[in-house]
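Observations on the three-dimensional arrangement
Read off the chains here:
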Amino acid sequence: MALPQKDEYYTLEDALHWEEHEHIELLDGIPVMLATPSTSHQRVVLALVRQLADYLDDKQCEVFVAPFTVCPFARRDDPPHSIDTLVEPDITVVCDPEKLDNVGCKGAPDLIIEILSPSNLRHDRLTKYNLYQRAGVREYWIVDPESKTVQSFVLENGYYAAQDFGDEEDTIQVNVLEDCVIDLSLVFPE
(Lines give C-alpha, C1' and ligand atoms only; values in the text may rest on other atoms or scores of the structure.)
Protein backbone atom coordinates (compact mmCIF):
# COMPACT_ATOMS: atom_id res chain seq x y z
CA MET A 1 0.00 0.00 0.00
CA ALA A 2 1.17 3.54 -0.70
CA LEU A 3 2.15 5.67 2.25
CA PRO A 4 -0.85 7.48 3.75
CA GLN A 5 -1.51 11.13 3.01
CA LYS A 6 -1.57 13.47 6.00
CA ASP A 7 -4.97 14.94 5.21
CA GLU A 8 -6.82 11.61 4.98
CA TYR A 9 -8.54 9.74 7.83
CA TYR A 10 -7.23 6.25 8.67
CA THR A 11 -8.00 3.47 11.14
CA LEU A 12 -6.31 0.38 12.49
CA GLU A 13 -7.91 -1.55 9.63
CA ASP A 14 -5.89 0.55 7.16
CA ALA A 15 -2.72 0.23 9.25
CA LEU A 16 -2.93 -3.55 9.18
CA HIS A 17 -2.32 -3.38 5.41
CA TRP A 18 0.70 -1.08 5.47
CA GLU A 19 4.17 -2.46 4.78
CA GLU A 20 5.92 -3.84 7.87
CA HIS A 21 8.87 -1.47 7.48
CA GLU A 22 6.57 1.57 7.61
CA HIS A 23 6.39 2.92 11.14
CA ILE A 24 3.32 5.13 11.28
CA GLU A 25 1.21 6.17 14.24
CA LEU A 26 -2.39 7.34 14.01
CA LEU A 27 -3.65 10.20 16.16
CA ASP A 28 -7.41 10.58 15.75
CA GLY A 29 -7.12 9.08 12.27
CA ILE A 30 -4.25 11.31 11.13
CA PRO A 31 -1.00 9.50 10.22
CA VAL A 32 2.29 10.51 11.81
CA MET A 33 5.45 9.06 10.27
CA LEU A 34 8.12 7.87 12.70
CA ALA A 35 11.82 8.31 12.01
CA THR A 36 14.14 5.34 12.04
CA PRO A 37 15.79 5.14 15.49
CA SER A 38 19.49 5.91 15.86
CA THR A 39 22.06 3.47 17.18
CA SER A 40 22.25 5.27 20.55
CA HIS A 41 18.44 5.18 20.77
CA GLN A 42 18.47 1.41 20.23
CA ARG A 43 21.21 0.91 22.84
CA VAL A 44 19.14 2.76 25.44
CA VAL A 45 16.03 0.73 24.56
CA LEU A 46 17.96 -2.54 24.87
CA ALA A 47 19.50 -1.57 28.23
CA LEU A 48 16.10 -0.65 29.68
CA VAL A 49 14.36 -3.71 28.28
CA ARG A 50 17.08 -6.00 29.60
CA GLN A 51 16.49 -4.76 33.16
CA LEU A 52 12.70 -4.79 32.83
CA ALA A 53 12.66 -8.28 31.32
CA ASP A 54 14.90 -9.63 34.08
CA TYR A 55 12.59 -8.15 36.71
CA LEU A 56 9.42 -9.43 34.98
CA ASP A 57 10.69 -12.98 34.56
CA ASP A 58 8.04 -15.28 36.10
CA LYS A 59 5.57 -12.40 36.59
CA GLN A 60 2.26 -11.70 34.85
CA CYS A 61 3.35 -8.38 33.32
CA GLU A 62 5.12 -8.41 29.95
CA VAL A 63 7.49 -5.95 28.28
CA PHE A 64 7.32 -5.18 24.55
CA VAL A 65 9.53 -3.09 22.25
CA ALA A 66 8.67 -1.12 19.12
CA PRO A 67 7.28 -1.86 16.71
CA PHE A 68 4.42 -2.89 18.99
CA THR A 69 0.96 -1.48 18.36
CA VAL A 70 -0.85 0.15 21.27
CA CYS A 71 -4.44 1.31 20.77
CA PRO A 72 -4.77 3.18 24.07
CA PHE A 73 -8.47 4.07 23.82
CA ALA A 74 -9.67 0.76 22.36
CA ARG A 75 -11.47 -2.04 24.12
CA ARG A 76 -10.75 -5.69 23.41
CA ASP A 77 -13.79 -6.23 21.17
CA ASP A 78 -13.51 -2.99 19.16
CA PRO A 79 -13.27 -3.81 15.44
CA PRO A 80 -10.22 -2.45 13.57
CA HIS A 81 -12.30 -0.04 11.48
CA SER A 82 -13.47 1.76 14.64
CA ILE A 83 -9.98 2.40 16.10
CA ASP A 84 -8.41 5.65 14.90
CA THR A 85 -5.58 6.09 17.42
CA LEU A 86 -2.57 3.80 17.58
CA VAL A 87 0.95 4.40 18.72
CA GLU A 88 4.21 2.46 18.74
CA PRO A 89 5.93 3.31 22.04
CA ASP A 90 9.60 2.46 22.34
CA ILE A 91 8.88 0.29 25.39
CA THR A 92 5.52 -0.91 26.70
CA VAL A 93 4.69 -2.88 29.84
CA VAL A 94 1.27 -4.56 30.02
CA CYS A 95 0.10 -6.29 33.20
CA ASP A 96 -3.42 -7.24 32.07
CA PRO A 97 -3.22 -10.14 29.58
CA GLU A 98 -6.83 -9.44 28.53
CA LYS A 99 -5.58 -6.29 26.77
CA LEU A 100 -3.26 -8.27 24.48
CA ASP A 101 -4.15 -9.74 21.11
CA ASN A 102 -2.28 -10.61 17.90
CA VAL A 103 -2.14 -6.95 16.88
CA GLY A 104 -0.79 -5.57 20.16
CA CYS A 105 -2.43 -3.90 23.14
CA LYS A 106 -6.01 -2.63 23.26
CA GLY A 107 -6.38 -0.26 26.17
CA ALA A 108 -3.94 1.70 28.30
CA PRO A 109 -0.73 -0.15 29.18
CA ASP A 110 0.67 0.12 32.71
CA LEU A 111 3.97 1.72 31.68
CA ILE A 112 5.18 3.41 28.52
CA ILE A 113 8.74 4.57 27.96
CA GLU A 114 9.67 6.87 25.08
CA ILE A 115 13.26 7.61 24.08
CA LEU A 116 13.79 11.15 22.78
CA SER A 117 15.53 11.92 19.53
CA PRO A 118 15.89 15.24 17.71
CA SER A 119 12.99 14.38 15.40
CA ASN A 120 10.47 13.50 18.14
CA LEU A 121 11.07 15.92 21.04
CA ARG A 122 7.75 17.76 20.74
CA HIS A 123 5.84 14.61 19.80
CA ASP A 124 6.96 12.68 22.92
CA ARG A 125 7.05 15.57 25.40
CA LEU A 126 3.73 17.14 24.46
CA THR A 127 1.54 15.11 22.09
CA LYS A 128 2.18 11.67 23.55
CA TYR A 129 2.33 12.96 27.12
CA ASN A 130 -1.20 14.34 26.73
CA LEU A 131 -2.43 11.29 24.83
CA TYR A 132 -1.10 8.82 27.43
CA GLN A 133 -2.50 10.92 30.27
CA ARG A 134 -5.94 11.06 28.60
CA ALA A 135 -5.85 7.31 27.91
CA GLY A 136 -5.01 6.44 31.51
CA VAL A 137 -1.49 5.04 31.10
CA ARG A 138 -0.47 4.64 34.75
CA GLU A 139 3.19 5.61 34.33
CA TYR A 140 5.08 7.41 31.57
CA TRP A 141 8.85 7.81 31.27
CA ILE A 142 10.67 10.22 28.98
CA VAL A 143 14.30 9.20 28.43
CA ASP A 144 16.78 11.69 26.99
CA PRO A 145 19.95 9.98 25.69
CA GLU A 146 21.55 13.36 24.96
CA SER A 147 21.42 14.61 28.56
CA LYS A 148 21.47 11.04 29.96
CA THR A 149 18.35 11.63 32.05
CA VAL A 150 15.03 9.95 32.78
CA GLN A 151 11.88 11.67 33.98
CA SER A 152 8.94 9.65 35.25
CA PHE A 153 5.31 10.67 35.59
CA VAL A 154 2.62 8.81 37.52
CA LEU A 155 -1.10 9.19 36.90
CA GLU A 156 -2.88 10.71 39.90
CA ASN A 157 -6.58 11.65 39.68
CA GLY A 158 -6.45 11.63 35.88
CA TYR A 159 -3.35 13.83 35.54
CA TYR A 160 0.36 13.13 35.42
CA ALA A 161 2.44 14.18 38.40
CA ALA A 162 6.21 14.35 38.05
CA GLN A 163 7.43 11.44 40.14
CA ASP A 164 11.16 11.08 39.69
CA PHE A 165 14.14 12.41 37.78
CA GLY A 166 17.50 10.70 37.41
CA ASP A 167 20.73 10.77 35.48
CA GLU A 168 23.44 8.23 34.65
CA GLU A 169 24.57 8.04 38.28
CA ASP A 170 21.13 7.25 39.73
CA THR A 171 18.64 4.46 40.09
CA ILE A 172 14.97 5.09 39.43
CA GLN A 173 11.91 3.28 40.76
CA VAL A 174 9.28 1.88 38.41
CA ASN A 175 6.22 2.92 40.39
CA VAL A 176 3.74 0.50 38.80
CA LEU A 177 6.02 -2.51 39.40
CA GLU A 178 6.62 -3.32 43.05
CA ASP A 179 10.30 -3.24 44.00
CA CYS A 180 11.46 -2.71 40.40
CA VAL A 181 14.44 -0.34 40.29
CA ILE A 182 16.31 0.56 37.10
CA ASP A 183 20.05 1.24 37.30
CA LEU A 184 20.65 4.18 34.97
CA SER A 185 24.42 3.61 34.95
CA LEU A 186 23.63 0.52 32.84
CA VAL A 187 21.38 2.58 30.53
CA PHE A 188 23.86 5.44 30.02
CA PRO A 189 27.34 3.89 30.28
CA GLU A 190 30.25 6.30 29.92
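For the structure itself, look to the data block above.
Okay, so let's go over this structure. (Residues numbered from 1 in each chain as written. Predicted model: local features only at pLDDT ≥ 70, side-chain atom pairs only at ≥ 80, totals over all residues. Heavy atoms only, no water.)

Turning our attention to the state of the cysteines. This model, assessed by the stated rule, comprises one disulfide. Two residues, C61 and C95, share a disulfide whose sulfurs are 1.9 Å apart. The S-S bond linking C61 to C95 shows a torsion near 105 degrees; that makes this disulfide right-handed. Separated by 34 residues along the polypeptide, C61 in the loop between α2 (39-56) and β3 (62-65) and C95 in the loop between β5 (91-94) and β6 (104-106) bring together distant segments of the chain. The class for C95 is buried, based on a relative accessible area of 16%. Not part of a disulfide, C71 finds its nearest cysteine sulfur in C105, a span of 8.1 Å. On the basis of relative accessible area, C105 is assigned to the buried category, the value being 1%. (Disulfide = S-S within 2.5 Å. Helix = DSSP H or I, 4+ residues; strand = E, 2+ residues; numbered from the N terminus. Buried < 20%, exposed > 50% of the residue type's maximum accessible area, 1.4 Å probe, protein only.)

The next thing to look at is helix α3 (residues 121-135). Compared with the 21 Å implied by 1.5 Å per residue over 15 residues, the 20 Å span of α3 between its first and last C-alpha is a close match. At K128, α3 shows its largest kink, close to 35 degrees. Those residues of α3 lying buried are H123, D124, K128, Y129, L131, Y132, Q133 and A135. Along its buried surface, α3 packs onto β1 (24-27), β2 (30-33), β7 (111-115), β8 (139-144), β9 (149-156) and β10 (159-167). (Expected span 1.5 Å × (residues − 1). Bend = angle between axes of the 7 residues up to and from the residue. Contact = heavy atoms within 4.5 Å.)

So, on to the layout of surface pockets. Estimated volume of the largest pocket: approximately 510 Å³. Along its surface, the largest pocket is lined by 27 residues, and L34, A35, P37, H41 and D90 are the ones closest to its centre. Among the elements that line the lining of the largest pocket, the one with the most residues is α2, at four residues. Looking at the lining of the largest pocket, its residues break down into 12 nonpolar, nine polar and six charged. (1 Å grid on protein atoms, 1.4 Å probe; cavity = no way out; pocket = protein on both sides within 12 Å on 5 of 7 lines; lining within 4 Å. Points joined across faces, edges and corners; volume = space filled by probe spheres on them. Nonpolar A, V, L, I, M, F, W, Y, C, P; charged D, E, K, R; others polar.)

Turning our eyes to something else, we now look at the pattern of salt bridges. Any two side chains of opposite charge can pair, on the condition that their charged atoms come close. On inspection of all chains with the given rule, the structure shows six salt bridges. With its nearest N and O atoms 2.8 Å apart, the salt bridge here joins K128 to E114. Separated by 14 residues along the polypeptide, K128 in helix α3 and E114 in strand β7 bring together distant segments of the chain. By the burial criterion, K128 is buried, and E114 matches it. Here the residues in one salt-bridge network are E25, E114 and K128, joined through shared partners. (Salt bridge = Lys/Arg side-chain N within 4 Å of Asp/Glu carboxyl O.)

Okay, the side chain of E139 next. Mapped onto the elements of the fold, E139 is located in strand β8. Buried within the structure, E139 lacks any salt-bridge partner; its nearest side chain of opposite charge belongs to R138, at an N-O separation of 6.9 Å. Engagement of the side chain of E139 in a polar contact is seen with the backbone nitrogen of N175, the distance being 2.9 Å. Leave out the neighbours within four places in its chain, and E139 touches D110, L111, I112, S152, F153, V154, Y160, Q173, V174, N175 and V176. (Lys, Arg positive; Asp, Glu negative; His and termini not counted. Polar contact = N/O pair within 3.5 Å; in protein donor to acceptor, adjacent residues only side chain to side chain.)

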